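The primary structure of each chain is shown beneath.
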Amino acid sequence: MPDTPPSADGARVLADLNALRAIGAYKSGVHKPTFSEPHLRSLQWLLARLPDAGLTGAIDGIGNVLTRAAKAGPKLLAGSHLESQNYAGWLDGPLGVVYALEAARVINLDPTIDGAVEVAAWCDEEGHFGQFLGSRSYVGAVTDEEIDAARDRSSERSMRQALQDAGLAGRPRVKAEIGRHIGYIEAHIEQGRVLERSGLKIGVVTSIVGIWQYRITFTGEQNHAGTTRMKDRKDPGLALARLCVELDERFPRASGPRTVWTTGRIALDPGAPSIIPGRAEMLFQIRDDNPEVIENLERLLRDSAAEVAARSRCSVEVTRLRSGVPALMDAGFQDAIEKASAVVAGGRSTRMPSGAGHDAQILATIMPAGMLFVPSIGGISHHWTENTADEDIVTGAQVFVDACGRLLTQ
Ligand SMILES: [Zn+2]
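Residues numbered from 1 in each chain as written. Predicted model: local features only at pLDDT ≥ 70, side-chain atom pairs only at ≥ 80, totals over all residues. Heavy atoms only, no water.

Caption draft 1: Region of the structure containing the side chain of H128. Tracing the backbone shows H128 in the loop between β6 (116-121) and α4 (133-138). Residue H128 is classed as buried on the basis of its relative accessible area, which comes to 1%. The contact partners of H128, leaving out residues within four places of it in the chain, are P33, T34, E83, S84, Q85, N86, R151, D152 and R153. (Helix = DSSP H or I, 4+ residues; strand = E, 2+ residues; numbered from the N terminus. Buried < 20%, exposed > 50% of the residue type's maximum accessible area, 1.4 Å probe, protein only. Contact = heavy atoms within 4.5 Å.)

Caption draft 2: Seen up close, the packing of helix α3 (residues 94-107) against helix α12 (residues 390-409). Two elements in contact, α3 and α12, have axes separated by 9 Å at closest approach and are oriented at 55 degrees. Judged by the angle between their axes, α3 and α12 are oblique. Here α3 and α12 pass one another in a crossing that is right-handed. Across the interface between the two elements, L95, Y99, A100, E102, A103, V106 and I107 from α3 touch D392, I393, G396, A397, F400, V401, C404, G405 and L408 from α12. A breakdown of the residues in the contact of α3 with α12 according to their chemical character gives twelve nonpolar, two polar and two charged. (Axes fitted to C-alpha atoms, helices over the stretch in contact; angles between N-to-C directions. Parallel < 35°, antiparallel > 145°, perpendicular 65-115°, else oblique. Left-handed = near helix turned anticlockwise from the far one by under 90°. Nonpolar A, V, L, I, M, F, W, Y, C, P; charged D, E, K, R; others polar.)

Caption draft 3: A look at the environment of V204. Topologically, V204 is positioned in strand β8 (residues 202-208). Setting aside residues no more than four positions away along its own chain, V204 makes contact with Q334, I337, E338, S349, T350, R351, M352 and M371.

Caption draft 4: Region of interest: the coordination of the zinc ion. At the metal site, the zinc ion is ligated by H81 (NE2), D92 (OD) and H188 (NE2), and these contacts range over 2.0 to 2.2 Å. The class of H188 is buried, set by a relative accessible area of 1%. (Donors = N, O, S within 2.8 Å, 3.2 Å for Na, K, Ca; no water.)

Caption draft 5: Fine view of the packing of aromatic side chains. The final tally for this structure, using the stated rule, is seven aromatic pairs. Where F251 meets F284, the ring centres are 5.8 Å apart and the plane angle is 75 degrees; that geometry is what we call edge-to-face. In this pair, F251 is assigned in helix α8 (residues 236-254) and F284 in strand β13 (residues 279-288), connecting sequence segments 33 residues apart. Of the two residues, F251 and F284, both sit in the buried class. Among the aromatic residues, those joined into a ring-pair cluster are W122, Y138 and Y184. Over the ring of W90 we find R21; its NZ or CZ atom is 3.7 Å from the centre of that ring. (Phe/Tyr/Trp six-rings, centres within 6.5 Å; stacked < 30°, edge-to-face > 60°. Lys NZ or Arg CZ within 6 Å of the ring centre and 35° of its normal.)

Caption draft 6: Up close: the pairing of strand β7 (residues 181-189). For β7, a buried count of eight out of nine residues is recorded, marking the element as mostly surrounded by other parts of the structure. Where strand β5 (residues 75-80) meets β7, four bridges bridge the pair, whose relative direction is parallel. Bridged to L76 within β7 is G183. As paired elements, β7 and strand β17 (residues 369-374) share six bridges and run parallel to each other. Looking across to β17, one finds that A187 is bridged to L372. (Pairing = 2+ DSSP bridges.)

Caption draft 7: Representation of the pattern of salt bridges. If you walk through the whole model with that rule in mind, you get 25 salt bridges. In this structure, D232 and K231 form a salt bridge, with 3.4 Å as the shortest nitrogen-oxygen distance. The class of D232 is partly exposed, set by a relative accessible area of 39%. Measuring nitrogen to oxygen at the nearest pair gives 3.1 Å for the salt bridge that ties E298 to R320. Taken together, the residues E298 in helix α9 (residues 291-311) and R320 in strand β14 (residues 315-322) connect sequence positions 22 residues apart. Classification of E298 by relative accessible area gives buried; the value is 11%. Salt bridges sharing common partners tie together R12, D16, E102 and R105. (Salt bridge = Lys/Arg side-chain N within 4 Å of Asp/Glu carboxyl O.)

Caption draft 8: Molecular detail of the sheet that holds β13. The sheet built from four strands is open, its strands ordered β11-β13-β9-β14 with antiparallel pairing. Single-partner strands in this sheet number two, and they are β11 (260-269) and β14. On average, each strand axis in the sheet is tilted by 20 degrees relative to the strand beside it, whichever way the strands run. Bridge count for strand β9 (residues 210-219) against β14 is seven bridges, and the pairing is antiparallel. Each bridged residue has a counterpart across the sheet, and for T217 the counterpart in β14 is E317.

Caption draft 9: View of the environment of V293. Note on placement: V293 falls in helix α9. Its relative accessible area of 12% is what places V293 among the buried residues. Along the primary structure V293 and A254 are separated by 39 residues, whereas in three dimensions their C-alpha atoms are 7.2 Å apart. Here V293 is in contact with A254, S255, G256, T259 and D288, once residues within four sequence places are set aside.

Caption draft 10: Seen up close, α9. Given a rise of 1.5 Å per residue, 21 residues ought to cover 30 Å, and the 30 Å separating the end C-alpha atoms of α9 matches this to within 8%. The complete set of buried residues in α9 reads V293, I294, L297, E298, L300, L301, S304, A305, V308 and A309. Considered in projection along α9, the buried side chains sweep an arc of 165 degrees and stay on one side of the axis. The exposed residues of α9 that point more than 90 degrees off its buried face are E292, E295 and A310. Packed against the buried residues of α9 are β9, α8, β13 and β14. Where α9 begins, the side chain of N290 points an oxygen toward the backbone nitrogen of E292, at a separation of 2.9 Å. One or two positions beyond α9, positive phi appears at R313, with a value near 55 degrees. (Expected span 1.5 Å × (residues − 1). Arc of directions from axis to C-beta. Polar contact = N/O pair within 3.5 Å; in protein donor to acceptor, adjacent residues only side chain to side chain.)

Written out as structure tokens, the structure reads:
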């Protein structure tokens, strides 16, 4: 490290974030679905700022903004995303992009630091068209067939049409140049209340949880709600309700300290007041960063479903729809972020897993990756009231830039 560590310009960071908030503003948040006009304008906003950071860049064939520094020495990749959930917050995504831009502006123009930060804005992290399409394309995990099939979950516009409308059709998709970067770093709002509750300023992310999703379908006997005696019923709706109660009682004994599980949707078929349903279906999700815990919970889920079905004289089918390997953040990156927090934020940091998914989990499949969190007021996110105190945004930017400097020069 040079004698004077690199430092972020807090006022510039806040001004940039507010400029992005003004594009597609909705109440105090933003509405910027992937490939909407305000999303594309935000990408242009970023491109216009690259020369100030010693970077050149362009939007590639899947909507990622990728950049290159002319400066010699090691390169660190940094970024996040610029689209938002529908009618959501102003910091989810832009915070990480603006921090990356700030790190590039400070480090790339400083001749005393060997190396450079290259900024990335990953397309569709929020999953309007798929799952992490932008970062997965960059690591080589998206086929053209997947893009052919992708549709906007709100408007049904196909991804091909959206790329065409955005003037991006036919552009090549840029892939990672293996060995170019020493790793990837991303900052994000916490979207939870761990930091706020403990009065801390920085979360050093240890891992990003895996997400496992299941469809559980009970089948019974559809019949008349007036003439079918209670003892004669085979009611899959009742079986499903029993399973929810059973899981609520049994899961805590087998889960880890931060395991979470959710019944996100329940549907009865045919779903009418005078009909005992013939079928009941639920979508169930488990998140944890320990595959062993998940394995035990899945076994418990299957056993409980079978027991409840037998008791309710129904049959049951448990289908795993999605399994996600947890991503471990690099130990060296965690140390660098922690050291930066010690110097810049008075050591008010804690190591913690991320319960939400981020592009860093995709980048971690091809290079060392690290993440830092800043506090979310009230833990609120994916809502237009999402916010972080200006002071915490500035502290986070200073820690981020300091950590980038450490990673490049260590
Ligand atoms: Zn995000």
